[in-house]
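Understanding the architecture of this molecule
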Amino acid sequence: MQMPAAEPAILAQREALLAELRALLPVARVIADAAGLRAYDCDALTAYRQVPLVAVLPDTVAELAGVLAICHRRNVKVVARGAGTSLSGGALPLADAVLIGLGRFNRILDIDYANRCLTAQSGVTNLALSEAVAARNFYYAPDPSSQIACTIGGNVAENSGGVHCLKYGMTTNNLLGLEMVLLDGTVVRLGGKHMDADGYDLLGLLTGSEGLLGVITEVTVRILPRPETARAALLGFAGNEDAGRVVAAIIAAGIIPAGLEMMDRFIVAATEAFCHAGYPLDAEALLIVELDGPAAEVDYLLELVVAIARENGATSVRASANEAERLAFWLGRKSAFPAVGRLSPDYLCMDGTIPVTSCRMCCSVWRR
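Position numbers for residues start from 1 in each chain and track the written sequence from start to end. For a predicted model such as this one, the threshold for reporting local features is a pLDDT of at least 70, and the threshold for listing and counting side-chain atom pairs is 80 or more; totals across whole chains, interfaces and linings nevertheless cover every residue. Note: side-chain values were computed over all heavy atoms of the structure, leaving out hydrogens and water.

**Describing the packing of helix H2 (residues 14-24) against helix H4 (residues 61-74)**
Viewed as axis vectors pointing N to C, H2 and H4 meet at an angle of 160°, and their least axial separation amounts to 10 Å. Judged on the interaxial angle alone, H4 and H2 are roughly antiparallel. Where H2 crosses over H4, the two elements pack in a sense that is right-handed. Only Glu63, Gly66, Val67, Ile70, Arg73 and Arg74 of H4 make contact with H2, whose side of the interface consists of Ala16, Leu17, Glu20, Leu21 and Leu24. Of the residues contributing to the contact of H2 with H4, the split by class is six nonpolar, one polar and four charged. Orientation is described by axes fitted as lines to C-alpha atoms, over the contacting stretch for helices, and by angles from 0 to 180 degrees between their N-to-C directions. Think of it this way: any DSSP run of H or I at least four residues long counts as a helix, any run of E at least two long counts as a strand, and we number them from the N terminus. Put simply, angles under 35 degrees are roughly parallel, angles over 145 are roughly antiparallel, angles from 65 to 115 are roughly perpendicular, and the rest are oblique. Definitions for this section: a left-handed crossing has its near helix turned counterclockwise from the far helix by less than a right angle. A right-handed crossing has that turn clockwise. Here, residues are in contact when the closest pair of their heavy atoms is within 4.5 Å. Residues are sorted three ways: Asp, Glu, Lys and Arg are charged, Ala, Val, Leu, Ile, Met, Phe, Trp, Tyr, Cys and Pro are nonpolar, and all the rest, Gly among them, are polar.

Structure (structure tokens):
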């Protein structure tokens, strides 16, 4: 779907705007030609497209502040863009706006193991954070399916989660501080290397604000010691209702898995054909339940989860015997988006949220 065109008044001042931007940035980093702008006309929600007025690629905080100051003075809108992996239109340009690409903000600035935190520029990918601290057996917990490509600045803007957010929280639960540039070019810093700050929860306000309040340039996040053991169970069921009851029963038993995901027959078949993860194709629904922590605790809880699954009619039960098998269980789930892309060039991906109190199937378990 093509979005509305720019107002004539904005187009009339485009050349003057370009002159100012090119005086601030190298000409190659001010993109104004039609072919170049096409690369920025949508995020991963490709059903909506719009060529921006102009795209700029700042390299430093000072350059970004200068761009925002110019746009503020000229009353021109701006849209910040990380890797463009959002499925919510979070990086969708406007015809009368300057799109600011933050891919050049791609450096990890500090790793503080003593305080268990890492500081990185906003264009660093999510997975790169964990890779940077892997040698010391640490990692960054939030892991969106697009973690190989999505940026930490975009994660903050969208409050991204991932398969492990059940136990370790969303981005907002792992964010300690940030640097951002306000829309008039003012640079501000919030938080730091500590869990809580006095006064209003401005970090909470900014996380998930989708760039409406400023452009994030730097973040400080928690890093965690990697658990001693992680194991996953692959549980098949004859119906979605059976799998849903097991989800509720696991939580009601006081077990908080590191990850808990459900897939129906269609997506199981699509992902198995795509990456051959070893999923049971005769299951109407599939649960992946991961537990982590000390080995004795993980083994004990895994037995409880398997028992709950069998009590609720599991048709197949398989527990990971090693790390490679555990990763294979998750490979299919994390490959769901490209797997469906093989079947159709055009589809809509949505996240739905149902409050526990509104889910009759789950409430019957929660109330016991």
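**With respect to the packing of helix H10 (residues 265-275) against helix H13 (residues 336-343)**
Two elements in contact, H10 and H13, have axes separated by 9 Å at closest approach and are oriented at 90°. On the basis of their axis angle, the class for H10 and H13 is roughly perpendicular. Within the contact between the two elements, H10 uses Phe266, Ile267, Ala270, Thr271, Ala273 and Phe274 and H13 uses Ala336, Pro338, Ala339, Val340, Arg342 and Leu343. Residue composition of the contact of H10 with H13, by class: ten nonpolar, one polar and one charged.

**Things to note about the sheet that holds strand E15 (residues 314-319)**
Between any two strands, at least two bridges found by DSSP are needed for them to pair. The antiparallel open sheet is built from four strands, whose spatial order is E13-E14-E12-E15. Across the chains shown, the open sheet's two edge strands, defined by having one partner strand only, are strand E13 (259-264) and E15. Neighbouring strand axes in the sheet, compared pairwise and without regard to direction, differ in orientation by 15° on average. Both strand E12 (residues 229-237) and E15 contribute to a ladder of five bridges, which runs antiparallel. Bridge pairing links Leu234 to Arg318 in E15. In the packing of H10 onto the sheet, contacts are made with E13 and strand E14 (285-293), and the angle to E13 comes to roughly 95°. In the packing of helix H11 (residues 295-311) onto the sheet, contacts are made with E12, E14 and E15, and the angle to E12 comes to roughly 5°.

**Quick notes on the layout of surface pockets**
As a volume, the second largest pocket reaches approximately 560 Å³. Asp143, His164, Arg226, Arg326 and Leu327 are the residues nearest the centre of the second largest pocket, which is lined by 24 residues in total. Mapped onto the lining of the second largest pocket, the elements with two or more residues apiece are helix H5 (126-133), E12, E14 and helix H12 (323-334). A per-element tally of the lining of the second largest pocket places H12 first, with six residues. Of the residues contributing to the lining of the second largest pocket, the split by class is eleven nonpolar, five polar and eight charged. Both site types are read off a 1 Å grid over the protein atoms alone. A 1.4 Å probe that fits but cannot get out defines a cavity, while an open set with protein on both sides within 12 Å along at least five of seven lines defines a pocket; lining residues have an atom within 4 Å of a point. Grid points are joined across faces, edges and corners, and a volume is the space filled by probe spheres set on the points.

**Examining the side chain of Arg14**
Along the chain, Arg14 falls in helix H2. Buried, partly exposed and exposed residues are distinguished by accessible area as a fraction of the type maximum, computed with a 1.4 Å probe on protein chains only: under 20%, between the cut-offs, and over 50%, respectively. Note on charges: Lys and Arg go in the positive column, Asp and Glu in the negative column, and His and the chain ends are not counted at all. Here, a salt bridge means any side-chain nitrogen of Lys or Arg that lies within 4 Å of a carboxyl oxygen of Asp or Glu. Notably, Arg14 is buried but unbridged: the nearest opposite-charge side chain belongs to Glu15, and the N-O separation is 4.1 Å. At 2.9 Å, the side chain of Arg14 forms a polar contact with the backbone oxygen of Ala32. The residues contacting Arg14, other than those within four sequence positions of it, are Ala32, Leu37 and Leu53. Whenever a nitrogen or oxygen atom comes within 3.5 Å of another N or O atom, the pair is scored as a polar contact, on the condition that within protein one atom can donate a hydrogen and the other can accept it, and that pairs from neighbouring residues in sequence are kept only if both atoms are in side chains.

**Re unusual backbone geometry**
Backbone geometry places Arg116, a non-glycine residue, at a positive phi of 50°. For Arg116, the location among the structural elements is in the loop between strand E5 (108-112) and strand E6 (117-121). Given a relative accessible area of 43%, Arg116 falls into the partly exposed group. The backbone phi angle of Asn137 is positive, close to 65°, even though this residue is not glycine. Checked against the element boundaries, Asn137 lands in the loop between H5 and strand E7 (138-139).

**Observations concerning the nonpolar core**
Ranked by internal contacts, the top residues of the largest apolar core, which has 22 residues, are Leu17, Leu21, Val54, Val56, Leu64, Val98 and Ile100. Among the elements that line this core, the one with the most residues is H4, at six residues. Put simply, buried Ala, Val, Leu, Ile, Met, Phe, Trp, Tyr and Cys residues joined by side-chain atoms within 4.5 Å make one nonpolar core. Ala285, Leu301, Val305 and Ala309 belong to the second largest nonpolar core, which has 21 residues in total.

**Regarding the packing of aromatic side chains**
By convention, a stacked pair of Phe, Tyr or Trp rings (six-membered ring in the case of Trp) has centres within 6.5 Å and planes under 30 degrees apart, an edge-to-face pair has planes over 60 apart, and any other such pair is tilted. In the structure shown here, the tally under the stated rule is two aromatic pairs. Above the face of the Tyr113 ring, Arg136 is positioned so that its terminal group lies 4.0 Å from the ring centre. Two conditions define a charge sitting above a ring: the NZ of Lys or the CZ of Arg must be within 6 Å of the ring centre, and it must be within 35 degrees of the ring normal.

**Observations concerning the pattern of salt bridges**
The tally for this structure, following the rule as stated, stands at 20 salt bridges. With a closest N to O distance of 3.1 Å, Asp41 and Arg49 form a salt bridge. Among the ionic pairs, Asp292 bridges to Lys167, the shortest N-O distance being 2.6 Å. One end of the pair, Asp292, is in strand E14; the other, Lys167, is in helix H7 (residues 165-168), with 125 residues separating them in the sequence. The exposure class assigned to Lys167 is partly exposed, which follows from its relative accessible area of 33%.

**Here's the deal with the sheet that holds E6**
Pairing between the strands of a sheet comes from backbone hydrogen bonds, and it takes one of two forms, parallel or antiparallel. Strands sit in the order E5-E6-E10-E8-E9 across an open sheet of five strands; the sheet is antiparallel. Looking at strand neighbours, the two that pair on one side only are E5 and strand E9 (187-191), the edges of this open sheet. Here the strands of the sheet are splayed against their neighbours by 10° on average, with no regard to which way each runs. Pairing of E5 with E6, which is carried by four bridges, proceeds in the antiparallel orientation. Note on E6: the bridge partner recorded for Ile108 is Ala120. Contacts from H4 reach strand E8 (175-181), E9 and strand E10 (215-222), with the element oriented near 55° to E8.

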